[in-house]
Amino acid sequence: MAVFQVQGRKITVQARSLAQIFSVAMLLKELLALATPRAASLFPMASQPVAQPGCFQMRRLNACSRSGSIRLAQQQQQGRGEAIILANATQLTLHLYDHCPYCTRVELVLGWKGLSYRRLVYGYADVDGPTALTGKKVLPVLEWTDPSGKDHRMGESQDIIELLDASHGQEHCIISPPGRKREDVRAWQKKLRKVMHKLARPRLLLMPIADFATKADKQYQMDKYIARGFDYDSALAQTNQLLPRVSQLLADFEILILGNGSLNNVGWTWDDLHTLPSLRVLTCVRGLVWPPRVR
């Protein structure tokens, strides 16, 4: 939460991150500048810290403008500040893991928006590379250069997605409505998560992606999940029992698709961003039955 003092009045803003607080400050600055020449001094500009298509199935879809359904609060938080800088960026670079669902969400939006970007994929055992970006071994990170030559970085997939969607103004936002609304979709994905990892996790290590290009990368992933109780050998041994269960879940998913190329008939929403990465991961599993509309 942030409190702004504007012409003797306190304005309290709920925000999830420093990036959103900065965006609200920039919006207030612009609005006040319309009313008084003094306003520009109320919110001095501060520096903002903030970064190869997939080898499974990753489609880049043409972006289109969608009207309505974007809350004013979202416009206030995202429509200024970094969004303006990003709209004029000279280069976008996405630092990512190819198998990561959060990274896939960002790539989906980049594709839907028709934005060109450079991909930097890291080996999973590489700790120094991702940590050098934000201080943590966490991806994705979006990096860009503004017209003045200043470099910016932003982590957290949801923050990146909201920034990208607002980068050219609210009238060009494509994710509508904000938030995740459908409980039937959430219930379906909860069922899928109970079984999909036993099929996908061992097979992802065999995919020709930079994440697991070396023996060390594979071992790093295995050690991580073995420490959480995952048994790779047992998972592979259950393949024949799991394939029909996941195939049935894919059939159940088909009836949840209400739109043409999206889960909802209003266009792309967070429901799509939550489910498409799971479906993409499952394309590494041979023997699943994919209904036509799901494929």
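### Description of the pattern of salt bridges
Point 1. This structure, assessed with the given rule, holds seven salt bridges.
Point 2. In this structure, Asp98 engages Arg280 in a salt bridge whose closest nitrogen and oxygen atoms are separated by 2.8 Å. Of the two residues, Asp98 is situated in the loop between strand S3 (91–96) and helix H4 (101–112) and Arg280 in helix H11 (residues 270–282); the sequence distance between them amounts to 182 residues. In this structure, Asp98 and Arg280 share a single accessibility class: buried.
Point 3. Notably, a salt bridge pairs Arg182 with Asp184, separated by 2.9 Å at the nearest N-O pair.
Point 4. Since its relative accessible area comes to 13%, Arg182 is described here as buried.
Point 5. When salt bridges with common partners are traced through the structure, they connect Asp98, Glu107, Arg119 and Arg280 into a single cluster.

### Describing the packing of helix H7 (residues 183–204) against helix H10 (residues 239–254)
Point 1. Put simply, H7 and H10 touch, their axes get as near as 10 Å, and they point 135° apart. Taken together, the axes of H7 and H10 lie oblique to each other. Our pair here, H7 against H10, has a crossing hand that is left-handed. When H7 is examined against H10, the residues Trp188, Lys191, Leu192, Val195, Lys198, Leu199 and Arg203 are found in contact with a partner set consisting of Thr239, Leu242, Leu243, Arg245, Val246, Leu249, Asp252 and Phe253.
Point 2. Tallied by class, residues from the contact of H7 with H10 come to nine nonpolar, one polar and five charged.

### Remarks on unusual backbone geometry
Trans is the prevailing form of peptide bonds, just as negative phi is the prevailing case for residues other than glycine.
Point 1. For the bond from Leu139 to Pro140, the omega torsion is 15°, close enough to zero to count as cis.
Point 2. Inspection of the secondary structure puts Pro140 in the loop between helix H5 (128–134) and strand S5 (141–145).

### Some details on the state of the cysteines
Point 1. One pass over the structure, following the stated rule, counts zero disulfides.
Point 2. The thiol of Cys100 is unpaired, and the distance to the nearest cysteine sulfur, on Cys103, comes to 3.3 Å.

### So, the pairing of strand S6 (residues 151–155)
Point 1. Residues of S6 alternate between two faces, with His152 and Met154 buried on one and Asp151, Arg153 and Gly155 left unburied on the opposite face.
Point 2. Two elements, S5 and S6, share five bridges in a ladder whose sense is antiparallel. Residue pairing in the sheet places Leu142 in a bridge with Met154 of S6.
Point 3. Where S5 folds back onto S6 in an antiparallel hairpin, the turn is made up of five residues, including Gly149, whose phi is positive at roughly 95°.

### Describing the packing of aromatic side chains
Point 1. For the structure shown, the criterion picks out six aromatic pairs.
Point 2. Arranged with centres 5.8 Å apart and planes meeting at 70°, the rings of Tyr124 and Phe212 form a pair that is edge-to-face. Within this pair, whereas Tyr124 is found in the loop between strand S4 (118–121) and H5, its partner Phe212 is found in the loop between H7 and helix H8 (215–226), the two being separated by 88 residues in sequence.
Point 3. Here the aromatic rings of Phe230 and Tyr232 are separated by 4.8 Å at their centres, their planes lie at 80°, and the arrangement is edge-to-face.
Point 4. Of the residues examined, Phe230 reaches a relative accessible area of 14% and is grouped as buried.
Point 5. Since its relative accessible area comes to 7%, Tyr232 is described here as buried.
Point 6. Here a set of aromatic residues connected by ring pairs shows up, and it is made of Tyr97, Tyr124, Phe212 and Tyr220.
Point 7. Geometry around Tyr225 places Arg201 over its ring, the cationic atom sitting 3.8 Å from the centre.
Point 8. For the cation-ring pair, Arg201 lies above Phe230, with the distance from its terminal atom to the ring centre recorded as 4.8 Å.

### Side note on the sheet that holds S3
Point 1. Pairing in this open sheet of four strands is mixed, and the strands run S4-S3-S5-S6 from one edge to the other. Taken across any chain shown, the strands that pair with only one partner, and hence form the sheet edges, are S4 and S6. Between one strand and the next, the sheet's axes are offset by a mean angle of 20°, whatever the strand orientation.
Point 2. Pairing of S3 with S5 involves five bridges; the strand directions are antiparallel. Its bridge partner being in S5, Leu94 is matched across the sheet by Leu142.
Point 3. Sheet strands in contact with H4 are S3 and S4, and its direction is about 155° off that of S3.
Point 4. Helix H6 (residues 157–165) contacts S5 and S6 of the sheet and is inclined by roughly 125° relative to S6.

### What to know about the nonpolar core
Point 1. Grouped together as the largest cluster of nonpolar side chains are 65 residues, with contacts concentrated most on Leu164, Leu282 and Leu288.
Point 2. Secondary-structure elements contributing two or more residues to this core are S3, H4, S5, H6, H7, helix H9 (232–237), H10 and H11.
Point 3. The element contributing the most residues to this core is H7, with eight residues.
Point 4. If near-sequence neighbours (up to four positions away) are discounted, Leu164 is found in contact with Leu86, Val106, Val109, Leu110, Lys113, Leu115 and Leu142.

Calculation criteria
- Each chain has its residues counted from 1, following the order in which its sequence is written.
- Whole-chain, interface and lining totals are the exception, using all residues; otherwise, since this is a predicted model, local features are given only for residues with pLDDT of at least 70 and side-chain atom pairs are given and counted only at 80 or more.
- Side-chain numbers come from the whole structure's heavy atoms, not from hydrogens or water.
- Any carboxyl oxygen of Asp or Glu within 4 Å of a side-chain nitrogen of Lys or Arg constitutes a salt bridge here.
- Secondary structure elements follow DSSP: runs of H or I no shorter than four residues count as helices, runs of E no shorter than two count as strands, and numbering proceeds from the N terminus.
- Burial classes: relative accessible area under 20% of the type maximum marks a residue as buried, over 50% as exposed, and values in between as partly exposed (1.4 Å probe, protein chains only).
- The axes are straight lines fitted to the C-alpha atoms, using for helices just the contacting stretch, and the angles between their N-to-C directions are given from 0 to 180°.
- Comment on the angle field: the value is read as roughly parallel under 35 degrees, roughly antiparallel over 145, roughly perpendicular from 65 to 115, and oblique elsewhere.
- In this scheme the crossing of two helices becomes right-handed for a clockwise turn of the near helix relative to the far one and left-handed for an anticlockwise turn of less than a right angle.
- Contacts are residue-level and defined by heavy atoms, with any inter-residue pair within 4.5 Å sufficient.
- Following the grouping adopted for this structure description, the nonpolar residues are Ala, Val, Leu, Ile, Met, Phe, Trp, Tyr, Cys and Pro, the charged ones are Asp, Glu, Lys and Arg, and the polar ones are all others, Gly among them.
- The criterion for a disulfide is a pair of cysteine sulfur atoms lying within 2.5 Å.
- Two strands qualify as a pair provided that DSSP identifies no fewer than 2 bridges between them.
- Whether two aromatic rings pair depends on their centres lying within 6.5 Å, for rings of Phe, Tyr and Trp, where Trp uses its six-membered ring; planes under 30 degrees apart make the pair stacked, over 60 edge-to-face, and the rest tilted.
- The rule for a charge over a ring is simple: NZ of Lys or CZ of Arg within 6 Å of the ring centre, and within 35 degrees of the ring normal.
- Residue types Ala, Val, Leu, Ile, Met, Phe, Trp, Tyr and Cys, when buried and joined through side-chain atoms within 4.5 Å, form a set referred to as a nonpolar core.

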